[in-house]
Amino acid sequence: QVQLVESGGGSVQAGGSLRLSCVASENLVSWYCMGWFRQAPGKEREGVASMPYYSTPTYADSVKGRFTISRDNAKKILYLQMNSLKPEDTAMYYCAASRACSSLSTPDYWGQGTQVTVSS
């Protein structure tokens, strides 16, 4: 069964950095559009970054210039490097995989999330 497992979350001060990882049980990283979503309590889920298997990544305006999405196909890991973190980045972060980036908002697979907390 396909599984996505996130890790790397934690508590940091504003201005700090974290790197999130998403490990796939199958070879989704190589062939699927993959990305990261986040959701804070009481708020809508927000797309953070996405990366098709064949092209360049895209980012939400709120994280552009601070976050970097990357993938290691051999290790089947998707990463999200987060720099210059702000309190508004506090959320549960989810890894997702879809056969097309146009449908990433309703992905084929979800992870269970990793919590990121940024203090002022």
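Being a predicted model, the structure only gives us computed values, none of them experimental. (Residues numbered from 1 in each chain as written. Predicted model: local features only at pLDDT ≥ 70, side-chain atom pairs only at ≥ 80, totals over all residues. Heavy atoms only, no water.)

**Student:** Any chance you could explain the packing of aromatic side chains here in plain terms?
**Tutor:** To describe a pair of aromatic rings, you give the distance between the ring centres and the angle between the ring planes. Going through the model one piece at a time under the given rule, you end up with 4 aromatic pairs. Measuring from centroid to centroid gives 6.0 Å for W31 and Y53, while their planes differ by 55°, and the two rings are tilted. Here W31 is found in helix α1 (residues 28-31), whereas its partner Y53 is found in the loop between β5 (46-51) and β6 (58-59), with 22 residues between them in sequence. Looking at W31, the relative accessible area reads 56%, which means it is exposed. (Phe/Tyr/Trp six-rings, centres within 6.5 Å; stacked < 30°, edge-to-face > 60°. Helix = DSSP H or I, 4+ residues; strand = E, 2+ residues; numbered from the N terminus. Buried < 20%, exposed > 50% of the residue type's maximum accessible area, 1.4 Å probe, protein only.)

**Student:** Could you clarify how one ought to interpret the state of the cysteines in this entry?
**Tutor:** Here, disulfide denotes a covalent bond that connects the sulfur atoms of two cysteines. Under the definition given, this model contains 2 disulfides. Bridging C22 to C95, the disulfide has an S-S length of 2.1 Å. The sign of the S-S torsion, about -75°, decides the handedness of the disulfide formed by C22 and C95: left-handed. Note that C22 is positioned in strand β3 (residues 18-24) and C95 in strand β9 (residues 91-98), a separation of 73 residues in sequence. (Disulfide = S-S within 2.5 Å.)

**Student:** Explain the sheet that holds strand β1 (residues 4-7) to me, please; I cannot follow it from the model alone.
**Tutor:** Across a sheet, strands are paired by hydrogen bonds formed along the backbone, either parallel or antiparallel in direction. Within the open sheet, the 4 strands sit side by side as β1-β3-β8-β7. Their pairing is antiparallel. Every other strand in the sheet has two partners, leaving β1 and β7 (67-72) as the edge strands with one partner each. Looking at each pair of strands side by side, their axes are set apart by 15° on average, direction ignored. Here 6 bridges tie β7 to strand β8 (residues 77-82), and the two strands are oriented antiparallel to one another. What sits directly across from D72, in β8, is I77. (Pairing = 2+ DSSP bridges. Axes fitted to C-alpha atoms, helices over the stretch in contact; angles between N-to-C directions.)

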